[in-house]
Amino acid sequence: MEIGARIKELRIQNGLTQAQLAKALGVTSAAVGNYEQGISFPKETVLRKLFNALNCTPNELLSEEKYSAEDYEHLRLYSMLTAEGKRAVDEFTESELSKASEMSEIRIAARRGGSEITLKKRTERSIFDADDYNR
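This section reports on the structure supplied with the text. (Residues numbered from 1 in each chain as written. Predicted model: local features only at pLDDT ≥ 70, side-chain atom pairs only at ≥ 80, totals over all residues. Heavy atoms only, no water.)

1. Let's talk about the overall build of the chain
The number of helices and strands found in the chain is seven helices and two strands. Mapped from its N terminus to its C terminus, the chain presents α and β elements in the order α-α-α-α-α-α-α-β-β. Across the 135 residues that make up the chain, the buried fraction comes to 22%. A fraction of 33% describes how many contacts in the chain between residues 6 or more apart in sequence connect residues 24 or more apart. Of the roughly 10100 Å² of accessible surface on the chain, a fraction of 53% belongs to carbon and sulfur atoms. (Helix = DSSP H or I, 4+ residues; strand = E, 2+ residues; numbered from the N terminus. Buried < 20%, exposed > 50% of the residue type's maximum accessible area, 1.4 Å probe, protein only. Contact = heavy atoms within 4.5 Å. Areas by Shrake-Rupley, 256 points an atom, 1.4 Å probe, with all protein chains shown as cover.)

In structure tokens form, the structure reads like this:
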């Protein structure tokens, strides 16, 4: 996501109008509009004020990846865990990610004329290669 779109998204999340954000940054409303539309880029001094005005970290505003404040809070809490607690969270996370990747391989196939839907896990064949079904 471009920085302009992130500025707009964070501004709205914080319940600010362009005029209110402009006042906090010491720029005009038109300047904020230009940042949001990607016409211009905030100067370094304005960027520093943006972090405070939008209650965000530099990574939240500038990073290609989008992490929410809740994501950062989870990371902060994770960093406070003991080594044993981190291992437990890591194991649980790996288990859940494994389940999620298995679920992405499931396709729904229904037999023609039947009233039931059969779930079949397909890994190598496409659902459209259904030569084993009645047509």
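From this point, the narrative continues.
2. Quick notes on the environment of Tyr-72
With respect to the helices and strands, the residue Tyr-72 is situated in helix α6 (residues 69-79). In this structure Tyr-72 comes out as partly exposed when scored by relative accessible area, which is 23%. Taking the C-alpha atoms as reference points, Tyr-72 and Glu-60, separated by twelve residues in sequence, lie 9.3 Å from one another.

3. A short note on the nonpolar core
The biggest cluster of nonpolar side chains holds 17 residues, and the ones touching the most others in it are Ile-7, Leu-21, Leu-25, Leu-50, Leu-54 and Leu-61. Mapped by element, the contributors of at least two residues to this core are α1 (3-13), α2 (18-25), α3 (29-37) and α4 (44-53). Ranked by residue count, the leading element in this core is α4, at five residues. (Core = buried A, V, L, I, M, F, W, Y, C linked by side-chain atoms within 4.5 Å.)

4. What to know about the side chain of Arg-11
Relative to the elements of secondary structure, Arg-11 occurs in helix α1. For Arg-11, a relative accessible area of 9% gives the class buried. In this structure Arg-11 touches Leu-16, Thr-17, Gln-18, Leu-21, Glu-36 and Leu-54, once residues within four positions along its chain are discounted.

5. Description of unusual backbone geometry
Among all residues except glycine, the phi angle is most often negative; among peptide bonds, the trans geometry is most common. Of note in this structure, Asn-55 is not a glycine but carries a positive phi near 50 degrees. Turning to its location among the elements, Asn-55 is positioned in the loop between α4 and α5 (58-62).

6. Concerning α2
When we look at burial in α2, the residues that qualify are Leu-21, Ala-22 and Leu-25. Taken down its axis, α2 places every buried residue within 100 degrees of arc, on the same side. Those residues of α2 hidden inside the fold are in contact with α1, α3 and α4. Residue Gly-26 follows α2 closely and has a positive phi angle near 75 degrees. (Arc of directions from axis to C-beta.)

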